[in-house]
Amino acid sequence: MKRLAFFISAWACAATMLLGLAGIPTARAQLEVLDENQAPGRTMAQQATKERQIWITADHSRHAILQNEFKSGPEVTKACLSCHELAAGQFHKTIHWTWLDPNVPAGERIGKAGHSINNFCINLNGNEPRCTSCHAGYGWRDSSFNFNDEAAVDCLVCHEQTGTYKKFPTGAGHPVQTPTVFKGNNKTYNPPDWNKVAQSVGRPTRTNCGTCHFYGGGGDGVKHGDIDSSLAKPNKALDVHMGLDGQDFDCVRCHTTTLHNIAGRTYATPAATSRKSLIEDDLASKIMCESCHSSTPHKPGIKANDHTDKVACQSCHIPEFARVNATKMAWDWSKAGQKKDGKPYAAKGPHGKPSYDSKKGEFRWEKDVKPAYFWFNGAINAITARDTIDPSQPVAINWPAGSRDDENARIFPFKVHEGKQPYDKINKTLLIPKLFGPKGSGAYWAEYDWKKALDKGMQAAGLSFSGEYDFVETSYVFPITHMVAPKENVVACIECHSTEGRLASLAGFYMPGRDDFKTINVFGWILVLGTLVAVTFHGLGRVISSSRKEG
Amino acid sequence: MTGKKMVNTYLYTRYERFWHWLQTALITILLVTGFEVDGLYTLLGYKMAVEVHNFVGLGWLIAFAFFVFWLLTTGEWKQYVPTTKKMFTVIHYYMLGIFRGDPHPVPKRKEAKHNPLQRIAYLSVAMFLLPVQMISGFLYWSYNSWAAWGLDWLSLPVVAAIHILGAFGVLSFLVGHIYMTTTGHTIFAHIRAMITGWEEIPEGVELEDWEKRRRKGRQAADSEAPSA
Ligand code: HEM
């Protein structure tokens, strides 16, 4: 009996030990995620995003209505809306549809469909069929477009997953009906296989968003500098979040969406009003770095944690933008219109990018660009084509809001795009040219006559033009927030804490290593060198007097 | 030098010597890293300079607290009490007598390691310059906590300016101080004393009343020194 009891208990012990051993690998695996040598903010973010499994309960390729024959986009949209009744109504309220700032009264006309201006192709008015190839809609050909038409919403451009759906560059948002060559890039655009495209729909990926956002300004990397086609399949070195060998985030992972409204800044409305982490508010949007990383993400005692109140994460973690593809840094419209042998021409420059185009003027492209830094509270202020300018100096078309004394403002990296563009010499406003259109429409790209183009453009925008124009230098800023580099490539302290450093031109605060006190330095060195001179003479005196005595 | 017989005397206890050289090392590191942070040169790299500076700075604060404790409990602080007696004689000596080969008017003794000029110099360094440096450095270090500590009326440039001014003061003190070590009866006599504890001093110099440590256990203190 005793023996049996001993036997049983011995077996129980052995089994427990074996099970315990088996448990070790599991514990190890957990340790890898919770590496204690890793910055806590990184661990937090990993936990906030791990094991994301998307599951769906519908297979669009089996929906009967998507087997129908479609001849156009709106027909597909109607099919979508037959189940998703509320989708178009939701989408109609967003800036992606209106191209107007939803946070100010529509009458203020803030937005690219309004009187907002940039120093790229300047404004939409009069140029619709070209620009609206990037509108998530069909048929915005001119100002008569019906913004209440539900069937005019383009569901596919954001949701299709075949990668074959292409809107024609000058088709007002429509794809072509028959294969067509676009003269601008000599590429053939094919009509979509509507059924295949419609049945492929899913959640938007980087490629969906990139269809328009990589090519803002009419070409790859023209506008942003931190968003271009290199982000379709980036590696971790280019972007730690989106890298295929990293987290492989889609845009909507951070640009969280409610009712088709996508999180992000719109003009003077910051992307987020508070810097809360998901721990403080689990329904907060994930648009800020702090949402997942917290505002003290570095290891305890690391100086960088002290910087997060005044320096945005992006300032150190995005050392350069346009790290794979070059981005346009300057555009001089005043040089447009030159001809070779009486014909418009284009020239290629560094980085395989155009340096001149008779239609558009002269460009400067750059790669691996160090950002400019400004105080930024998340809002970007801008002038419109109605605002008076001072043409005697470069005109800031938009600029980051915030200052050293603004408690919501932090130092933030920017791309600054320089321009030279037409303005009204009498009215002292920036001008909107009609660029795109057939011969006879007054379009600059057809007739190369600025006066006509400006007249038509301003007319389309409902604004007045005195008839006298010249060109003025302008600047336009983009916050830099994508292309977050691996931590090894972070901006070193000395790059800002030095006289000629990245923050050399940000005034109004003291920074060790960058600033010094002239008088104190002069006084200090006089004191130190004075002492040195005094003791040297004293020492010499001793040497001389003692050698005299001895001699 | 003067024909007087020199006696090997135990001047500095082990703790004093240890403290002296520790402080030398700490202050040197603080100067070197501090001026790098200030932007004068690149040596360790900015980040490393800041980390070393802050670590050593805080370490120094703690070590200094021990030193103050030692001063108070041993009564050694009395050696820093300033006096004007013979001050001008000492100044006169360094300005003239030293060149003629005169003996030092106030030679070192165990009970009076500092002459009147040293007393006033060390006192102002220990009571004013170093505390200013420590306080301004500590405030500089705690910049991010100012608001929480109710100190947000402080201005960073002012604190930094004081800290830099202090750094120049420390550096120039160091230059003078190092030179003064060569003024013993041989060039390295003073340095040797601070390393070994022992220095040759002229025989038979009596302590004058004003120099004496007013402490009962004087005899006991004397016998601390091992006999030569
Ligand atoms: C002999 C003593 C010291 C010297 C000579 C010294 C020297 C300097 C100098 C020259 C700077 C550059 C200031 C500027 O350019 O703005 C500096 C910065 C600084 N010092 Fe000191 N310092 C000393 C002690 C301390 C102490 C005790 C602390 C406190 C813990 C401290 C903390 C700091 C801090 C926080 C900075 C700003 C840069 C940084 O964060 O490291 N220092 N010091």
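Residues numbered from 1 in each chain as written. Chains lettered and ligands numbered in written order. Predicted model: local features only at pLDDT ≥ 70, side-chain atom pairs only at ≥ 80, totals over all residues. Heavy atoms only, no water.

Peer 1: With reference to specific residues and values, describe the packing of aromatic side chains.
Peer 2: All names here are of chain A. By the definition in use, this model includes 45 aromatic pairs over all chains. A ring pair is formed by tryptophan 97 and phenylalanine 145, whose centres lie 5.6 Å apart and whose planes are at 50°; its orientation type is tilted. Residue tryptophan 97 is found in helix α5 (residues 95-98), and its partner phenylalanine 145 is found in the loop between α6 (128-131) and α7 (156-159); the two are separated by 48 residues along the sequence. Across the pair, exposure class does not vary: tryptophan 97 and phenylalanine 145 are buried alike. Look at tyrosine 476 and phenylalanine 478: their rings are 5.2 Å apart centre to centre, the planes differ by 55°, and that puts the pair in the tilted class. (Phe/Tyr/Trp six-rings, centres within 6.5 Å; stacked < 30°, edge-to-face > 60°. Helix = DSSP H or I, 4+ residues; strand = E, 2+ residues; numbered from the N terminus. Buried < 20%, exposed > 50% of the residue type's maximum accessible area, 1.4 Å probe, protein only.)

Peer 1: Please give an account of the state of the cysteines that cites residues and values.
Peer 2: Defined simply, a disulfide is a covalent bond joining two cysteines at their sulfur atoms. All names here are of chain A. Counted under the stated rule, the structure contains zero disulfides over all chains. Unpaired in terms of disulfides, cysteine 80 finds its nearest cysteine sulfur in cysteine 155, a separation of 4.0 Å. For cysteine 80, a relative accessible area of 18% translates into the label buried. (Disulfide = S-S within 2.5 Å.)

Peer 1: Now, about the coordination of the iron atom of the ligand: what can you tell me, with residues and values included?
Peer 2: All names here are of chain B. Each protein donor to the iron atom of the ligand is listed here as His53 (NE2) and His163 (NE2); together their distances run 2.0 Å. Viewed at the metal, the six donor atoms of the iron atom of the ligand are separated by angles of 85 to 179°, and the geometry they form is octahedral. With histidine 53 in helix α2 (residues 46-74) and histidine 163 in helix α5 (residues 156-180), this residue pair connects regions lying 110 residues apart in the sequence. Side by side, histidine 53 and histidine 163 carry an identical accessibility label, which is buried. (Donors = N, O, S within 2.8 Å, 3.2 Å for Na, K, Ca; no water. Tetrahedral: all angles 85-135°; square planar, octahedral: opposite > 155°, others 65-115°.)

Peer 1: Could you give me a rundown of the interface of chain B and chain A, with the residues and numbers involved?
Peer 2: Often, the extent of an interface is quoted as the loss of accessible area on bringing the components together. Between chain B and chain A, the contact holds 29 residues from the first and 27 residues from the second. With both sides pooled, the region where chain B packs onto chain A buries about 2,600 Å², and carbon together with sulfur makes up 68% of that total. Together, Tyr46, Phe99 and Tyr179 of chain B form the three largest contributors to the area buried by chain B at its contact with chain A, with a combined 26%. Seen at the junction of chain B and chain A, the total is zero salt bridges. Summed over the shared surface of chain B and chain A, the number is ten residue pairs in polar contact (both at pLDDT 80 or more). For the side of chain B that touches chain A, the secondary structure elements donating two or more residues are α2, α3 (87-100) and α5 of chain B. Residues of the side of chain B that touches chain A, tallied by class, amount to 18 nonpolar, eight polar and three charged. (Contact = heavy atoms within 4.5 Å. Buried area = accessible area lost by both parts, 1.4 Å probe. Salt bridge = Lys/Arg side-chain N within 4 Å of Asp/Glu carboxyl O. Polar contact = N/O pair within 3.5 Å; in protein donor to acceptor, adjacent residues only side chain to side chain. Nonpolar A, V, L, I, M, F, W, Y, C, P; charged D, E, K, R; others polar.)

Peer 1: So what's going on with the site of the ligand? Which residues, and what values?
Peer 2: In the vicinity of the ligand there are 24 residues, among which Tyr510 of chain A together with Asp38, His53, Tyr140 and His163 of chain B approach most closely. Chains contributing residues near the ligand are chains A and B. Measuring from an oxygen atom of the ligand, one finds a side-chain N or O atom of aspartate 38 of chain B at 2.4 Å. Between the ligand and the protein, one listed contact pairs an oxygen atom with a side-chain N or O atom of asparagine 54 of chain B at 2.8 Å. Of all the elements in the fold, those that place two or more residues in the shell around the ligand are α1 (14-37), α2, α4 (116-141) and α5 of chain B. (Near = heavy atom within 4 Å.)

Peer 1: Any chance you could break down the pattern of salt bridges for me, citing the residues and the numbers?
Peer 2: All names here are of chain A. Taken as a whole and judged by the stated rule, the model has 17 salt bridges over all chains. Between arginine 62 and aspartate 59 there is a salt bridge whose closest N-O contact spans 3.3 Å. Assessed through its relative accessible area of 34%, aspartate 59 is described here as partly exposed. With a shortest N-O distance of 3.5 Å, lysine 335 and glutamate 362 are connected by a salt bridge. Remark: glutamate 362 occurs in strand β10 (residues 361-366) and lysine 335 occurs in the loop between β5 (327-332) and β6 (339-340); sequence separation between them is 27 residues. Judged by its relative accessible area of 36%, glutamate 362 falls in the partly exposed class.

Peer 1: I'd like to hear about unusual backbone geometry, residue by residue, with values.
Peer 2: All names here are of chain A. Within the chain, aspartate 248 stands out as a residue other than glycine whose phi angle is a positive 55°. Tracing the backbone through its elements, the reader meets aspartate 248 in the loop between α9 (206-213) and α10 (251-254). For aspartate 248, a relative accessible area of 36% translates into the label partly exposed. Residue histidine 260 is not a glycine yet carries a positive backbone phi of 65°. By secondary structure assignment, the location of histidine 260 is in the loop between β3 (257-258) and β4 (261-262).

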